[in-house]
Amino acid sequence: MNARLNGWMGWVLRVDLTTGTASREPLDPAALRLNIGGKGLAGHFLDPCVHLPWDHPDMPLCLFTGPLVATIAPTSGRACLATRSPLTGAFCDASVGGSLGTQLKKAGLDGLIVTGRAPRPVGIVIENGETSVRDASHLAGMTRDRVRAALDCSGSLAVVGPAAECGVRFSSIMVDTHHAFGRGGMGLSWAAKNLKYLSVKGSEKVRVADPEGLKKAREDIFRLVSASPVLSGGHGFSCFGTGALYDLMDSRRMMPTDNFRASHFAPAGELNAVRYKEAYQTSKHGCKGCHIQCKKVAADGRSMPEFETMSHFTALIGLTDIELVVAANALCNDLGMDTISSAVTLACHAEITGERLTPARVLELLEDMGRGRLPELGLGAAGYAALKGHPEAAMTVKGMELPAYDPRGAYGMSLAYALSTRGGCHLRAYPVSHEILRKPVATDRFSFLGKARIIKIAEDANAVVDSLTACKFIFFGASLEEYAAAYQAVTGEPSSAQDLLRLGERIYYRERIMNARLGFTSADDDIPARFFEAPGEHSLAGDIRPVPRVDFLEARAKYYAIRGLTEDGMPTQEKAKELGLEESYRQEMR
Amino acid sequence: MIRLLAKYADKIAAARLSAPGAPLLAGLDDALVFNREAQESSVLAGVFDRMSINSLLFLPPAEPYATIIDFLAARSAEGGEASIAPSDCETRTFLHDLPVVAEFTPDALASALKRRKSVIVPGKGVVAHGTVSPEQAFVSASSVCFACFVKFFADYLAQLRCGKPDAEYQAAFERAKTFLPPMHHRAPDLPAGPFADREAVIQAMDLTGKATVGYGLVDSFFGNISYCLDDVLYISQTGSSLDELPDCIDPCHLDGSSCAGLTASSELMAHQGIVLKTGAKAILHGHPRFAVIMSMDCDKKGCDKIGRCHIECTEPRFVWDVPVVPGEVGTGPRGLVNTLPPAMIGRRGVIVYGHGLFAIGREDFREPFATLLEVENYCREEYFRRVEMLGS
Ligand SMILES: [Zn+2]
Ligand SMILES: [Zn+2]
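Residues numbered from 1 in each chain as written. Chains lettered and ligands numbered in written order. Predicted model: local features only at pLDDT ≥ 70, side-chain atom pairs only at ≥ 80, totals over all residues. Heavy atoms only, no water.

Focus on the overall build of chain A
Within chain A one finds 25 helices and 16 strands. On C-alpha atoms alone, chain A measures out to a radius of gyration of 22 Å, which is about the 25 Å that the 2.2 N^0.38 rule sets for 590 residues. The principal-axis extent of the C-alpha atoms belonging to chain A is close to 70 × 55 × 50 Å. Buried positions account for 67% of the 590 residues belonging to chain A. (Helix = DSSP H or I, 4+ residues; strand = E, 2+ residues; numbered from the N terminus. Rg over C-alpha atoms; globule rule 2.2 N^0.38 Å. Buried < 20%, exposed > 50% of the residue type's maximum accessible area, 1.4 Å probe, protein only.)

Here it is, written out as structure tokens:
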């Protein structure tokens, strides 16, 4: 029926775990054009159900890949998963690398929607035209590696670990060997459905409308990647992974230290990506179809930590042991826990209890958390701190633990954290790009000038990137201008950077509507009080000042106006109508 | 915002891209502001209504750009193309092509700007936008001027090589020629090296950067500069202005013990390669126009690399005593990081095809600055000598 589509496969697979049945449904081409793929399509299917409790059997897990995936467009073959977050209660989506997106596409699908609840642990196996729901009782409680070994799967494999099965609110879903749906605790969403794993394999081809046009767009993108110091430079991601940011964040005094009570960690110079590369004799690894190869793998096969993990398992908790960082990263992956949330929760615990952590103690705490022996810590920093009567010690936004960029050193970052629909996340607007990395041009990091609109436009742009499902990093070189050309060549849909931005605006506004429906208000669009009160760097040196509260609120108000929200950050009927989201808006008002 | 708009209006005038007071800039956060009152404001405001952007620049070009841009735009229209396709490195990498629209209306401008960073309106000027800062619009518009300048003179010479340009091109050429600024013959008095400490290095880089911009040896302010002191390479940051360097210099350890060079110029690795291969301490890179034009002039008949010269040219070529090498920006397989450093051995400078000149100094920037200036002056004279010789 959808055989004439280019780029998209035209099909979604629905699996109901209560009944153990699966059905393929054609996708409406208009919905594809409007939502692009990935995050956009996932949001489209989540929207009608997002008001349900996160563990309700009818709450869908929406996994979608993008129109460029499995073509020669340099986009890493990513996929996006969206559902309501067990950690924050808000809309949540996460993007993953590896080969999951590519395999899903080759299995003839743009996406998969899982509902229901199986009576016992199960796995979903998709191989080309066939889907089966298999008993996974024997895999219950197993770590990712043991599940992989037991299944001997040749396609892409996504697995939840014991942390999800024990109710850890920030549990992840591990994909292939080195990738994760890390944030928002969606591993727990899987466990709530008794879903232990998903295995996908396919061999279909994606139709491309204009192969010559795609080749040209690809060359333009490659040329820009080569010209990007962050990606391809001698100190860049291609050589050192995202850990390349470590020295920079330290030199800019933006390294969250001592649970964000300081922003400079004196031993940082000895803990940078160069040390890891030497110590672990790393090799390069990338997502399917990516030539940047930003993932690093140790000679012993362990995934090397990302920048956020490197920073949080050193400066944030006051330790200087790089083997601890690699081991903690591996343990979190194995148990299935988000490394950022894990570390911030530990830092919160250390602040509240006054316990001085040691490397051995950190590993012990992680193991206990992931095995369900410390259910209080398994709530995440916000839940734990509230329980202990010290909410101020939880460095979270909307209940999601903050990554490793101190907002006192980049004011755009403070807005980006506050306004991100999924909470304390750096990847929605990623102002680090211009505030620190000078791309596309540098902005003043200690100023809110122009930041409200910059954040809004960047959120829209990244909504597109997550819908295409391209890799964020490639945009340190290329821009939507080149990706619009690739999108047009693949799908045959006339498109420009601005056309895509418009779609991105719609996708992002719908997330604001969903969050409003879930009770989120401007009170949730805020960062912890600490950033407005105490200076960064070391407590004595005042080089990095607190974020000026008045200016922050003024910039946030501007953002609301620019985004088409009320003064309280609520969606308006007018704007919803303009973006063709009346139906979503009406649901909010119910 | 107004302050930022005024800053770029001044930069445009200082680079002689536009008459002082002529550029019109607009910035939008929650409210739209302009750097001055102007008739065209309503058209620009209309563009903001149609696009998700935060800044817009209208640059009415000064001569010779006005003549050049209008001529190229008219030519592209005759050829049925709504865009100009220069083949210099800057355009190839960042702008792709330069769309042309006939009308200065919000609809016409927005339709082109939705796809590209800039648009040309013949008889009016260049319009460019930004989503982060007016600097983006400035960068795009000034690159358009540079790319058109290079294409106009390079194409003219290329046409002479295979016959005679038509009367219109000749007339435009003769007219544009009269607007070229006078040549500089004296280099500025830059500090003598070697420099003993960080402060001296930064001061020398600052003065050299300002002089390079002041002498017009760069495309607006783009280029890069570095100095090696005690195994630390001090290098300008990516996207920094050569005339605003002091806060934009990254110290990069040559022993590779740190990744702090993540924000350094995209040519960091090429600079490092040059330092290691030649022992030079100082490197200055600019985009002097006639040096770029001359690097694109090739008299080899029936070359099978035509159209791929910027990455594949295998012909050993020189402009004066300076070799010309192919290479794209950065560290890719075809990157100038591979072609430039080896070519620098035993030379005072190397030109990268369609891109610009890298020059080195043993101890300070006096030497590379002089090279930049001399080579550009030589190239300009040589260009017109070749035009003459080929029978214009
Ligand atoms: Zn250059
Ligand atoms: Zn040639």
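Focus: the coordination of the zinc ion (ligand 1)
A metal bound by six donors in octahedral fashion has ideal angles of 90 or 180 degrees, whereas one bound by four tetrahedral donors has an ideal angle of 109.5 degrees. Residues and elements named next belong to chain B. The protein atoms that coordinate the zinc ion (ligand 1) are H285 (NE2), H287 (NE2) and H355 (NE2), at distances of 1.9 to 2.2 Å. Within one chain, the residues donating to the zinc ion (ligand 1) are spaced in sequence as H-x1-H-x67-H. Within this pair, whereas H287 is found in the loop between β11 (282–286) and α10 (289–295), its partner H355 is found in the loop between β14 (349–352) and β15 (356–361), the two being separated by 68 residues in sequence. The pair formed by H287 and H355 is uniform in burial state, with each residue classed as buried. (Donors = N, O, S within 2.8 Å, 3.2 Å for Na, K, Ca; no water.)

What to know about the interface of chain A and chain B
A common measure of how large an interface is: the accessible area buried when the components associate. At the interface, 51 residues of chain A touch 49 residues of chain B. Contact between chain A and chain B buries roughly 4,000 Å² in total, counting both sides, with carbon and sulfur atoms accounting for 56%. Between the two partners, chain A and chain B, sit 7 salt bridges. Between E481(A) and R116(B) there is a salt bridge whose closest N-O contact spans 2.9 Å. Joining chain A to chain B, the criterion identifies 24 residue pairs in polar contact (both at pLDDT 80 or more). Taken together, the residues of the side of chain A that touches chain B break down into 24 nonpolar, 14 polar and 13 charged. (Contact = heavy atoms within 4.5 Å. Buried area = accessible area lost by both parts, 1.4 Å probe. Salt bridge = Lys/Arg side-chain N within 4 Å of Asp/Glu carboxyl O. Polar contact = N/O pair within 3.5 Å; in protein donor to acceptor, adjacent residues only side chain to side chain. Nonpolar A, V, L, I, M, F, W, Y, C, P; charged D, E, K, R; others polar.)

Looking at the packing of aromatic side chains
Any aromatic ring pair is given by two values, namely how distant the centres are and how the planes are angled relative to each other. Residue and element names in this part refer to chain B. Scanning the entire structure with this criterion turns up 43 aromatic pairs over all chains. Ring centres 5.9 Å apart and planes at 55 degrees place the aromatic pair Y227 and F365 in the tilted group. Note that Y227 is positioned in strand β8 (residues 224–229) and F365 in the loop between β15 and α13 (366–389), a separation of 138 residues in sequence. This pair shows no difference in class: Y227 is buried, exactly as F365 is. Ring geometry for W320 versus Y378: centroids 4.6 Å apart, planes at 20 degrees, classification stacked. (Phe/Tyr/Trp six-rings, centres within 6.5 Å; stacked < 30°, edge-to-face > 60°.)

Overview of the sheet that holds strand β7 (residues 122–127) of chain A
Residues and elements named next belong to chain A. Read across the sheet, 6 strands follow the order β8-β7-β12-β9-β10-β11 without closing on themselves; strand pairing throughout is mixed. The open sheet terminates on both sides in strands that have one partner only, identified here as β8 (130–135) and β11 (179–181). Within the sheet, the average angular offset between the axes of one strand and its neighbour, ignoring direction, is 20 degrees. Pairing analysis gives 3 bridges linking strand β10 (residues 173–175) to β11, with the strands arranged antiparallel. Among the inter-strand pairings, M174 is bridged to a residue of β11, identified as A180. Contacting β9 (156–160), β10 and β12 (195–201), helix α4 (residues 144–151) runs over the sheet at an angle of about 135 degrees to β9. (Pairing = 2+ DSSP bridges. Axes fitted to C-alpha atoms, helices over the stretch in contact; angles between N-to-C directions.)

A short note on the sheet that holds β14(B)
Sheet strands line up and pair through hydrogen bonds in the backbone, either parallel or antiparallel. All names here are of chain B. The sheet built from 8 strands is open, its strands ordered β10-β9-β8-β11-β15-β14-β13-β12 with mixed pairing. Only two strands of the sheet have a single neighbouring strand rather than two, namely β10 (249–253) and β12 (317–319). Each neighbouring strand pair of the sheet contributes to a mean axis angle of 25 degrees, computed without reference to strand direction. One ladder, built from 4 bridges, connects β8 with strand β9 (residues 232–236); its direction is antiparallel. Bridge pairing in β9 places Y227 opposite Y234. Contacts between helix α8 (residues 198–214) and the sheet are confined to β8, β9, β10 and β11, with β8 contributing the most and set at about 160 degrees to the helix.

Describing the pairing of β11(B)
Residue and element names in this part refer to chain B. Most of β11 sits out of view: 5 of its 5 residues are buried. Alternating residues of β11 divide into A282, L284 and G286 and I283 and H285, and every residue in both groups is buried. With 4 bridges connecting them, β8 and β11 associate as antiparallel partners. From the neighbouring strand, Y227 faces β11, where its bridge partner is A282. Two elements, β11 and β15, share 5 bridges in a ladder whose sense is antiparallel.

Section: the confidence of the model for chain B
Per-residue pLDDT for chain B has a mean of 93; in total, 100% of the residues score no lower than 70. Ranking the elements of chain B by mean pLDDT puts helix α11 (residues 309–312) of chain B last with 79 and strand β3 (residues 55–59) of chain B first with 98. (pLDDT = per-residue confidence, 0-100.)

A short note on the side chain of H179(A)
Position of H179(A) among the secondary structure elements: in strand β11. When residues no more than four places from it in sequence are discounted, the contact partners of H179(A) are V96(A), G97(A), G98(A), I173(A), M174(A), H285(A), G286(A), C287(A) and K295(A).

Some thoughts on the packing of helix α3 (residues 65–78) of chain B against helix α7 (residues 167–178) of chain B
Residues and elements named next belong to chain B. Packing of α3 against α7 leaves a shortest axis separation of 9 Å and a crossing angle of 165 degrees. Between α3 and α7, the crossing angle belongs to the class labelled roughly antiparallel. Helix-helix and strand crossings are classified by hand; for α3 and α7 the assignment is left-handed. Residue-level inspection shows T67, I68, F71, R75 and E78 of α3 in contact with α7, the latter providing E168, Y169, A172, R175 and A176. (Parallel < 35°, antiparallel > 145°, perpendicular 65-115°, else oblique. Left-handed = near helix turned anticlockwise from the far one by under 90°.)

So, the pattern of salt bridges
Taken as a whole, this structure holds 70 salt bridges over all chains when the rule is applied. Across the pair D368(A) and R373(A) runs a salt bridge whose closest N-O atoms are separated by 2.8 Å. Residue class for D368(A) comes out buried when judged on its relative accessible area of 18%. Residues D29(B) and K558(A) are paired through a salt bridge, measuring 3.4 Å at the closest nitrogen-oxygen approach. Separated into two different chains, D29(B) in the loop between β1 (24–28) and β2 (32–34) and K558(A) in helix α23 (residues 549–563) make up a pair that spans both.

Considering the environment of K295(A)
Residue and element names in this part refer to chain A. Structurally, the position occupied by K295 is in strand β14 (residues 295–297). As for K295 and F265, which are separated by 30 residues in sequence, their C-alpha atoms are 25 Å apart. Those residues in contact with K295 that lie beyond four places of it in its chain are H178, H179, S283, K284, H285 and E306.

A closer look at the nonpolar core
Counting 160 residues, the largest nonpolar core has F237(A), F313(A), L366(A) and Y405(A) as the members making the most contacts within it. In contact with F237(A), not counting residues within four places along its chain, are V230(A), L231(A), T242(A), A244(A), L245(A), Q293(A), C294(A), K296(A), F473(A), F476(A) and L262(B). By size, the runner-up hydrophobic cluster in this structure holds 89 residues, among which are V126(B), L190(B), M205(B) and F221(B). (Core = buried A, V, L, I, M, F, W, Y, C linked by side-chain atoms within 4.5 Å.)

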